[in-house]
Amino acid sequence: MATGRLGVGATLGALNAALGPGDPVWFKETHARHLRVRDFLAPRRALQARFGEGQVPERVFHALHGLQGPGVAPVLRCVRTSAGLSLRLQRPAVFEHVLGAVASYATPDSRALPGPRILLHCPALRCSPGALRLSQLRVVVVADHLARVLRTQGVCVCLVPAVQDPHMSTFLQKLRVDWPTASERASAETLRNLVLAKLTSAHDQETLPPNVLGRVGLKELVEEQGHGAGYDPNVDKCLVTEDLLSVLAELQEAVRHWPESNYPGLKARAPNSDADSCMVIHVVSCEEEFQQQKLDLLWWKLDDQAPLRQKHLVCGPVKVAVAPGTLTAPEYYEFRHTQVCKASALKHGGNLAQDPAWTEILEVLTVATIKFEMLSTAPQGQLLLTDSSVSTKGTKSGIFVMYNCARLATLFEGYKCNVEQGLYPTFPSVKSLDFSLLHDEGEWLLLFNSVLPFPELLSQTAGLACTGPGLHISARSETVCKFLVQLSMDFSSYYNRVHVLGVSTHKMGYVGGAEGHRVKVREAKDETSRSLFLQEPRPHLFGQMFARLQLLRAVREVLHAGLAMLGLPPLSHI
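These lines cover the structure that appears in this document, whether it is placed above or below. Along each chain, residue indices are assigned from 1 in the same order as the chain's sequence is written. For this predicted model, a pLDDT threshold of at least 70 governs which residues receive local features, and a threshold of 80 or more governs which side-chain atom pairs are given and counted, while totals over whole chains, interfaces and linings are taken from all residues. Where side-chain values are given, they derive from all heavy atoms of the structure, hydrogens and water being excluded.

As for the overall build of the chain
Thinking step 1. Of the regular secondary structure elements, the chain holds 19 helices and 16 strands.
Thinking step 2. The buried share of the chain, taken over its 574 residues, is 52%.
Thinking step 3. By definition in these notes, contact holds between two residues if any of their heavy atoms fall within 4.5 Å. Sequence-distant contacts, at least 24 apart, represent 77% of the contacts inside the chain between residues at least 6 apart.
Thinking step 4. Accessible surface, the chain: about 25900 Å² in total, of which carbon and sulfur atoms supply 53%. Going along the chain from the N terminus, every DSSP run of H or I of four or more residues is numbered as a helix, and every run of E of two or more is numbered as a strand. Relative accessibility under 20% of the residue-type maximum defines a buried residue, over 50% an exposed one, and the middle range a partly exposed one, all with a 1.4 Å probe and only protein chains included. Using a 1.4 Å probe, the Shrake-Rupley method yields the accessible areas, and only the shown protein chains count as cover for residues.

Structural notes on the pattern of salt bridges
Thinking step 1. Salt bridges are defined as contacts in which a side-chain nitrogen from Lys or Arg sits within 4 Å of a carboxyl oxygen from Asp or Glu. Scanning the entire structure with this criterion turns up 14 salt bridges.
Thinking step 2. The salt bridge involving Arg36 is made with Glu441; its shortest N-O contact spans 2.9 Å. Of this pair, Arg36 sits in the loop between helix 2 (32-35) and strand 3 (40-43) while Glu441 sits in helix 16 (residues 441-451); the two residues are 405 residues apart in sequence, bridging distant segments of the chain.
Thinking step 3. A salt bridge links Arg91 to Asp39, with the shortest nitrogen-to-oxygen separation between them at 2.6 Å. One end of the pair, Arg91, is in helix 5 (residues 91-99); the other, Asp39, is in the loop between helix 2 and strand 3, and 52 residues separate them in sequence.
Thinking step 4. A relative accessible area of 11% means that Arg91 is categorised as buried.

A closer look at the sheet that holds strand 11 (residues 278-285)
Thinking step 1. Paired strands are those between which DSSP finds at least two bridges. Reading across the sheet, the 4 strands line up as 8-7-11-12 and stay open at both edges, with parallel pairing between neighbours. At either end of the open sheet lies a strand with only one pairing partner, and these are strand 8 (156-160) and strand 12 (309-315). In this sheet, neighbouring strand axes are inclined to one another by 25° on average, regardless of whether the strands run parallel or antiparallel.
Thinking step 2. Bridging between strand 7 (residues 117-121) and strand 8 involves 5 bridges; their strand directions are parallel. Paired with Leu120 across the two strands is Leu159, which belongs to strand 8.
Thinking step 3. Of the strands in this sheet, strand 7, strand 8, strand 11 and strand 12 touch helix 6 (residues 134-152), which is tilted by about 150° from strand 11.
Thinking step 4. In this analysis an axis means a line fitted to C-alpha atoms, helices contributing only their contacting stretch, and an angle means the value between N-to-C directions, from 0 to 180 degrees. Against the sheet, helix 12 (residues 289-302) makes contact with strand 7, strand 11 and strand 12, and its axis sits at roughly 175° relative to strand 12, the strand it touches most.

Describing the nonpolar core
Thinking step 1. We call a set of buried residues a nonpolar core when its members are Ala, Val, Leu, Ile, Met, Phe, Trp, Tyr or Cys and they connect through side-chain atoms within 4.5 Å of each other. Ranked by internal contacts, the top residues of the largest apolar core, which has 145 residues, are Trp26, Leu99, Leu549 and Leu552.
Thinking step 2. The contacts of Trp26, once residues within four sequence positions are left out, are Leu12, Leu15, Asn16, Leu19, Phe40, Leu41, Ala42, Leu64, Cys78, Leu85 and Leu87.
Thinking step 3. Counting 34 residues, the second-largest nonpolar core is a separate cluster that includes Leu191, Leu218, Ala249 and Trp299.

Regarding helix 1 (residues 8-18)
Thinking step 1. Restricting attention to buried positions, one finds in helix 1 the residues Val8, Thr11, Leu12, Ala14, Leu15, Asn16 and Ala18.
Thinking step 2. Looking at the buried positions of helix 1, the neighbouring elements they touch are strand 2 (27-28), strand 3, helix 4 (58-65), strand 6 (84-89) and helix 17 (454-462).
Thinking step 3. Positive backbone phi, approximately 100°, marks Gly20, located one or two places after helix 1.

A few points about the sheet that holds strand 2
Thinking step 1. Read across the open sheet, the 4 strands follow the order 2-3-6-5; overall the sheet is antiparallel. Sheet topology places strand 2 and strand 5 (75-81) at the edges, where each strand pairs with a single neighbour.
Thinking step 2. Summarising the sheet, strand 5 and strand 6 pair through 6 bridges and their orientation is antiparallel. The partner of Val75 across the bridge, within strand 6, is Leu89.
Thinking step 3. Docked against the sheet, helix 3 (residues 44-51) engages strand 3 and strand 6, running at close to 55° with respect to strand 3.

Observations regarding the packing of helix 18 (residues 479-497) against helix 19 (residues 542-564)
Thinking step 1. Contact pair helix 18 / helix 19: the axes reach a minimum separation of 10 Å and the direction vectors enclose 155°. Considered as vectors, helix 18 and helix 19 are oriented roughly antiparallel to each other. With respect to the hand of their crossing, helix 18 and helix 19 are arranged in left-handed fashion. In this structure, helix 18 uses Val480, Phe483, Leu484, Leu487, Phe491 and Tyr494 to contact helix 19, whose residues at the interface are Arg548, Leu552, Val555, Val558, Leu559, Gly562 and Leu563.
Thinking step 2. Following the grouping adopted for this structure description, the nonpolar residues are Ala, Val, Leu, Ile, Met, Phe, Trp, Tyr, Cys and Pro, the charged ones are Asp, Glu, Lys and Arg, and the polar ones are all others, Gly among them. Residues belonging to the contact of helix 18 with helix 19 are distributed by class as follows: 11 nonpolar, 1 polar and 1 charged. Roughly parallel here means an angle under 35 degrees, roughly antiparallel means over 145, roughly perpendicular means 65 to 115, and every remaining angle is called oblique. Crossings are assigned a handedness: left-handed for a near helix turned anticlockwise from the far helix by less than a right angle, right-handed for a clockwise turn.

Encoded structure:
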């Protein structure tokens, strides 16, 4: 019997343990065609390698049928097939277990102790918005997303630099990027005196460029064991300027004076004087990385208490098909905003950009478009931005996800209206629902591929390979976007096939009402208005309707939680 929150990882672990010692064999099915007959598969060839000729001992079948443990889903049957061992779960029991605790599947695993400290440094935010290149915009979006995901996992995150330019702060607010601000720079006087003390008399005699305090050699640090892995061998001399020292002073200040008020449990760890307790991740574009490497080494050279672990998350180049090499970040925002306004005008009619009621909606759709573009490709790879039209009909865009978010909101608003008009009863206790009535393949697809694995997906997204000796790390910032797109596709397919609230009986502008009464309503302009129709009450189908609504509540919670990881609010209509 399953205990606690069910998990795909826990179930896979128990399945592999039932086979005995050896490498993992089982995998979870995801495609609808395979999920019609099984939920997990142990491939025949892998079994042959494990047991010889694929003769799985009877003790293994006995162990599989009696599988239990924390987070392990209950097994219905396990049979031999031509593909291997095919295992199917007790789906009604899984529905009941998951949908009886919806909120727990929309949140990550809780931590008993405070997580590690990570300082996220995004150098691109030191420029003005008008000078922000698209490659730097990508860096900013990745850093913001990473900070949100890390915090959900209990990681203490500090963001640097604090933005001083009010125009940049305004632009970040428009992008729904949550970043701190400051009114003045950190003092670099101590570092300045340290640099001057390290300069030799020979350095004092040489002619230096304006605003340069001196040159500092970094070659020996690159060659030292522990610092050399990943650093460019061409890193040698560093021209030390006042601006460079200001950057170092801000990083130094952030590490030594961590904002403990944001993390109450942090005080017990006394981190302020421990450089080992903090890791710095510099999120940079490929154009900025060489300069950032110099900054890393200079920090180590000047500050004995600099964090020992500094890592680089390098985002690949951004190629633009719309107007090669000419668009700044604000210009690209306006370009996408214009496209969103045109697409909305074609759908709804009129000039919505001039309608105050639509101002925020259009802004959210624009930001969703940009963030899904910037995050749907792994950050290390090259990103190509095209002049594709913005539409709700495409299935890969942020607008498509927001559109289906609005459809869910409309569905529940429709149920609420029907309850108020006496067509449907109020929602019963979840414990009283019969989840065996959920037998449509789309329902299991939504639960098994979206709701059930969501907490583990958040953990995977926040997982950074930071323990190795190398300089560079990778991040899976594309995971949440791809997940939300697939969830929206599965929900859209289900929603288009299934009338969750019953069958509407609208004819000639009328829809069915209670007790034979007919109520005239305006025709809906699109599918988001469909569930606002009064539905014909069918008491014998109420049990199935409530089970479906509870499933879609879980879908809604997961969708909203995923959007929060992108800094996007859910929309109730589009």
